[in-house]
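Here is what each chain is made of, one letter per residue.
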Amino acid sequence: MAEGDLSSPSLVDDLYFVLHDNATGHPLLHSRLTGLVLASGVLGELMIAERVALDVAATPERLYATVQEAGGDPLTRAVLSHVIAEPYHPVGTWLLFFARTIYADVTARMIAAKLLKPPVRHLLKHQPAAPADVNTAAWPLARLNLAVQRRRTPVTQDCLLLGLLAAAGCAQRVLSEHDPPFVAAATAMLPLPLQRLIAQTKVAVGEAVISRR
């Protein structure tokens with residue numbers, strides 16, 4: 001992504017596809033964990049596009065906007081508007097805040113973009129939003145698997161995807177060849193703010209898992 005560019009392919013769309021069955025649309029994680037990881041993906045996408053930044057020198061690390069006006073699709077505008085209006089919250093607070101609604105917001109955006117088919121509700125069965133095209137849904141994970149299998153350094157977006165999967169604790173489950181050293185090396189190539197975003201996501205996921213026990 002170039003500076004300010006939030007055009008397709010979307011990191012968040014790719015992340016959604018990886019976290020769901022590419023045929024049925026059923027989630028692979030608990031909805032609370034999926035929400036946290038998608039929230040991190042939205043923030044990471046904005047960081048790559050240089051619309052928000054992370055002050056890693058602050059304690060705790062603080063997220064702030066680098067633009068004065070929110071633009072983009074409704075989801076992007078909503079997230080940016082919040083960060084612009086309240087630039088003093090730590091990134092962990094934002095993850096918890098956006099995770100409350102981000103799942104529904106991302107799903108709605110992907111349905112509008114015709115990447116997902118709307119959910120179907122019957123009296124005895126609920127079919128979640130399913131990919132409109134199986135190949136499109138399968139490609140992000142296939143791309144990650146190819147990078148791992150060939151030991152090729154992924155692009156920034158895919159390094160972040162790998163890092164978020166590791167933070168969610170599902171890398172071993174979704175990757176056909178789980179290679180923790182490769183994932184760690186790919187994550188280490190990211191700029192420090194993105195590394196810290198992954199670390200904060202891992203903390204939030206860990207706390208969410210503990211609170212469910």
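Every chain begins its residue count from 1, and numbering advances along the sequence as written. It should be noted that, the model being predicted, local features are given only for residues of pLDDT at least 70 and side-chain atom pairs only at 80 or more, the latter also being counted only at that level, while totals for whole chains, interfaces and linings use all residues. Side-chain measures here rest on the full set of heavy atoms in the structure, leaving out hydrogens and waters.

Asker: Would you mind showing me how to read unusual backbone geometry here?
Answerer: Trans is the prevailing form of peptide bonds, just as negative phi is the prevailing case for residues other than glycine. Geometrically, the link from threonine 59 to proline 60 is a cis peptide bond, its omega value of -5 degrees lying close to zero. Secondary structure elements follow DSSP: runs of H or I of four or more residues count as helices, runs of E of two or more count as strands, with numbering from the N terminus. With respect to the element layout, proline 60 can be found in the loop between strand S1 (52-55) and strand S2 (62-65). Its identity as a non-glycine residue notwithstanding, glutamate 50 has a phi of 60 degrees, on the positive side. Structurally, glutamate 50 is set in the loop between helix H2 (31-48) and S1. Despite not being glycine, lysine 114 shows a phi value in the positive range, around 65 degrees. Tracing the chain through its elements places lysine 114 in the loop between helix H5 (102-112) and strand S3 (116-117).

Asker: Sorry, what's going on with the packing of aromatic side chains here?
Answerer: Aromatic ring pairs: the centre-centre distance and the angle between the two ring planes describe each pair. Aromatic pairs are defined between Phe, Tyr and Trp rings, using the six-membered ring for Trp, whenever the two ring centres lie within 6.5 Å; interplanar angles under 30 degrees are classed as stacked, those over 60 as edge-to-face, and all others as tilted. With the rule as written, the count across this model stands at four aromatic pairs. With 5.9 Å between their ring centres and 45 degrees between their planes, tyrosine 16 and tyrosine 103 make a pair best called tilted. Remark: tyrosine 103 occurs in helix H5 and tyrosine 16 occurs in helix H1 (residues 11-18); sequence separation between them is 87 residues. Aromatic pair tryptophan 94 and phenylalanine 97: ring centres 5.9 Å apart, planes at 80 degrees, arrangement edge-to-face. Taken as a pair, tryptophan 94 and phenylalanine 97 lie in helix H4 (residues 91-99) at a separation of three residues, close to a single helical turn. Taken together, Trp94, Phe97 and Phe98 form an aromatic cluster joined through their ring pairs.

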